[in-house]
Amino acid sequence: MILFVVYNMETKNILIKNVLILNPKDNDENNNHDHIEIFKGSVLIENDRIAEISSEISSSDVNKIIDGENKILMPGLINTHNHISMNLFRGIADDIPLETWLKDNIWPLEAGLNGKYCYAGAILAAIEMIKSGTTTFNDMYFFMEDVANATKDSGIRGCLSHGMIDFGDPEKREKEFKENIKLIKNCNNKAEGRIKTFFGPHSPVTASKELLERVRKEANKYNVGIHIHMNETQIEVENVLKTTGKRPFEYLEELKFLGDDVIAAHGVWLSKEEMNIIKNRDVKISHNPCSNMKLASGISPINELLEKKICVSLGTDGAASNNNLDMFEEMKFASLLQKVNTMNPQSLPSDMALKMATLNGAKSLGLENDIGSIEVGKKADVILIDVDSANMTPMSKKISSNLVYSANGSNVHTTICNGEILMENRKLTKLNEADILQQGNIAIKELIEAKEAEN
Ligand SMILES: CSC[C@H]1O[C@@H](n2cnc3c(O)ncnc32)[C@H](O)[C@@H]1O
Ligand SMILES: [Zn+2]
């Protein structure tokens, strides 16, 4: 006898009723500078996608109803530069410039990492992101298949790359390619499509010309993007100038490395010529204002990049240089830093900061057809902000003002990614927070003890 198993393919749906919907828009083509639309309505999520947006949606046949009263519904935030396992290193080395921070503090500790520790740091970071409204992150680090497991287990969306460093050593280079290609083969489009993979050459200082040239070829072959640190400090720019005779973006242009699939983190020290290269090649810039300020790397000329209509998104960088993953803080600091840099309070207004943290993030990762705004057919990656709190009262007529200048991650009430509720009324639905915090504390304690035993 043949037994057929009939799987229950019942639609899972969620209705968010009577909510203030905030949606970033691309109005540049019409010369309209209004970057955000706001309206009251209801949103129906069917399985992993937004099925309907309307002033009135019937609640019959709906599995779950969320009352949107006193709430703002907006796209989940997109953090375009991170090293999430570095949550273990929060507060480990503060008040130090990048070069010594890396060489004397972070790299010696990273030498003791393994897959278990990277999972522990990554799942801890996933909790922090879910609780502060981030639904997508872009990551470059080690043991990335373990980070993929944490991404899978947490329900969040991640773009993952293996951080490749060869310092010109051909054997090391070969190992780095093996590792990144294995990640692509094993993890691309896994976890219900929530995981995408990238190549992750660390920077033009730590990755050789041969590595960078091969990354371009392999990225074309595997049809994946490239995530790289660029022009973060003056020292880094001087190093590249010394060894190649060119500034970093000019060097990569010569190598034919650049393209619209490249996301460059930082872009702090940029010449006019480099900005033109970025524009011509449609390279995406991930601006990390908190990390740049904390490591005293400098101030990226975001105003000029935006004027050139370069796609700029926001990232936190790792928790060891930030020291948190709260994208609400990143929006506020991005805005304030440009105001003080240009001595013009109109620089980088709140609407633009919101767009950078959502729609521009999606475009930077090649995911604009799926995420970054609230539209029928897009993935249901959305968050609800509770406005019934002291720091959100009174509500400005300009909603983005409260969200960028007054809010923080703890105002996030509900986080939904890929149509799944990951946090509701600040309670996690999939992860055991106490256990994960404990595992994080154990991991960093073991790492430090092992390091001390070595010395
Ligand atoms: C090779 S994996 C990533 C590598 O990058 C290090 N890192 C973390 N933050 C930064 C930063 O701001 N600039 C350069 N490198 C950074 C991290 O510790 C890993 O070693
Ligand atoms: Zn970084």
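These numbers come from a predicted model, not from an experiment. (Residues numbered from 1 in each chain as written. Chains lettered and ligands numbered in written order. Predicted model: local features only at pLDDT ≥ 70, side-chain atom pairs only at ≥ 80, totals over all residues. Heavy atoms only, no water.)

**Here we look at the pairing of strand 8 (residues 157-164)**
Short version of the rule: Only protein chains enter the calculation, and the probe is 1.4 Å; a residue is then buried if its accessible area is under 20% of its type maximum, exposed if over 50%, and partly exposed in between. By the criteria applied, helices consist of DSSP H or I runs no shorter than four residues and strands consist of E runs no shorter than two, each listed in order from the N terminus. Two strands pair if DSSP finds at least two bridges between them. By convention a crossover is right-handed if, when the strands point away from the viewer, the path from the first strand over the helix to the second runs clockwise.
Across the 8 residues of strand 8, 8 count as buried, placing the element largely inside the fold. Where strand 7 (residues 134-141) lies against strand 8, 6 bridges are found, and the strand directions are parallel. Following the sheet pairing, Asn138 is matched in strand 8 by Cys159. Of the crossover connections in this fold, the one passing from strand 7 over helix 3 (residues 144-154) to the parallel strand 8 is right-handed. Relative to strand 9 (residues 195-201), strand 8 runs parallel, the two sharing 7 bridges.

**A few points about the layout of surface pockets**
Operational definition: Cavities and pockets are defined on a 1 Å grid built over the protein atoms alone: a cavity is a set of grid points where a 1.4 Å probe fits but cannot escape, while a pocket is an open set with protein on both sides within 12 Å along at least five of seven lines, and lining residues are those with an atom within 4 Å of any such point. Grid points are joined across faces, edges and corners, and a volume is the space filled by probe spheres set on the points. When residue character is reported, Ala, Val, Leu, Ile, Met, Phe, Trp, Tyr, Cys and Pro are called nonpolar, Asp, Glu, Lys and Arg charged, and the others, Gly included, polar. Domain delimitation in this document rests on an assignment produced automatically or drawn from a domain database.
Of the volumes computed, that of the largest pocket is approximately 1100 Å³. Every element with two or more residues in the lining of the largest pocket is listed here: strand 9, helix 5 (209-222), helix 10 (302-307), helix 12 (350-357) and helix 13 (359-364). Among the residues making up the lining of the largest pocket, the classes are represented as 11 nonpolar, 15 polar and 16 charged. Both domains that meet at the lining of the largest pocket, namely domain 1 (13-76 + 375-428) and domain 2 (77-364), each give it at least three residues. Size it by volume and the second largest pocket reaches roughly 480 Å³. When contributions to the lining of the second largest pocket are tallied by element, the ones reaching two or more residues are helix 1 (98-110), strand 7 and helix 6 (234-244). No other element matches the 8 residues that helix 1 contributes to the lining of the second largest pocket. By residue class, the composition of the lining of the second largest pocket is 14 nonpolar, 11 polar and 6 charged.

**Regarding the pattern of salt bridges**
Selection rule: What makes a salt bridge here is a side-chain nitrogen of Lys or Arg within 4 Å of a carboxyl oxygen of Asp or Glu, nothing more.
This model, assessed by the stated rule, comprises 27 salt bridges. For the salt bridge of Asp26 with Lys363, the shortest nitrogen-to-oxygen distance reads 2.2 Å. Of this pair, Asp26 sits in the loop between strand 1 (13-24) and strand 2 (36-46) while Lys363 is found in helix 13, placing the two residues 337 residues apart along the sequence. A relative accessible area of 25% means that Lys363 is categorised as partly exposed.

**A word on helix 6**
What counts, and what does not: To obtain the arc, one takes the directions from the helix axis to the C-beta atoms. For this analysis, residues touch if any pair of their heavy atoms sits within 4.5 Å.
Where helix 6 is concerned, the buried positions are Glu236, Val237 and Val240. Considered in projection along helix 6, the buried side chains sweep an arc of 100° and stay on one side of the axis. Buried residues in helix 6 make contact with helix 1, strand 10 (225-230) and helix 7 (248-254). Residue Gly245 follows helix 6 closely and has a positive phi angle near 80°.

**A few points about the environment of Ile228**
Along the chain, Ile228 falls in strand 10. With 96 residues separating them in the primary sequence, Ile228 and Asn324 have C-alpha atoms 21 Å apart. Every residue in contact with Ile228, bar those within four places of it in the chain, is listed here: Met140, Pro201, His202, Ser203, Pro204, Leu212, Leu252, Phe257, Val262, Ile263, Ala264 and Ala265.

**Notes on the side chain of Ser321**
Going by this rule: A 3.5 Å cut-off defines polar contacts: any pair of N or O atoms within that distance qualifies, except that in protein one atom must be a possible hydrogen donor and the other a possible acceptor, and neighbouring residues in sequence count only when both atoms are side-chain atoms.
One can find Ser321 in the loop between strand 13 (312-314) and helix 11 (327-342). For Ser321, a relative accessible area of 1% gives the class buried. A distance of 3.3 Å separates the side chain of Ser321 from the side chain of Ser291, its partner in a polar contact. Sequence-distant contacts of Ser321, defined by excluding residues within four places in its chain, comprise Trp101, Cys290, Ser291, Lys294 and Leu295.

**Some words on the domain arrangement of the chain**
Going by this rule: Using a 1.4 Å probe, buried area is obtained as the accessible area two parts lose upon being combined, added over both of them.
In terms of domains, the chain is made up of domain 1 (13-76 + 375-428) and domain 2 (77-364). Taking only C-alpha atoms, the centre of domain 1 and the centre of domain 2 are 27 Å apart. Contacts between the two partners involve 35 residues from domain 1, matched on the other side by 34 residues from domain 2. Between domain 1 and domain 2 lies a buried interface of about 2800 Å² when both sides are counted; carbon and sulfur atoms form 62% of it. Contact with domain 2 buries surface across domain 1, with Gly76, Val404 and Tyr405 losing the most and accounting together for 21% of the total. The interface formed by domain 1 and domain 2 holds 3 salt bridges in total. The shortest N-O distance in the salt bridge between Lys355 and Asp26 comes to 3.0 Å. Only strand 1, strand 5 (71-75), strand 14 (382-386), helix 14 (399-406), strand 15 (412-417) and strand 16 (420-424) provide two or more residues apiece to the side of domain 1 that touches domain 2.

**Structural notes on the UniProt feature "binding site: substrate" (unreviewed entry) in the chain**
Put simply, the rule reads: UniProt positions are given in the numbering used here, feature names are shortened, and annotations may be inferred rather than shown by experiment.
UniProt records the feature "binding site: substrate" (unreviewed entry) at Glu110, His202, Glu232 and Asp317, using the numbering of this structure. For the second largest pocket, the lining residues drawn from the annotated set are Glu110, His202, Glu232 and Asp317. Positionally, His202 belongs in the loop between strand 9 and helix 5. For His202, a relative accessible area of 14% corresponds to the buried category. Aside from chain neighbours lying at most four places away, what touches His202 is Trp107, Met140, Met164, Ile165, Ile228 and His229. The exposure class assigned to Asp317 is buried, which follows from its relative accessible area of 5%. In this structure Asp317 touches His81, Asn82, His83, Glu232, His266, Asn288, Ser291 and Leu325, once residues within four positions along its chain are discounted.

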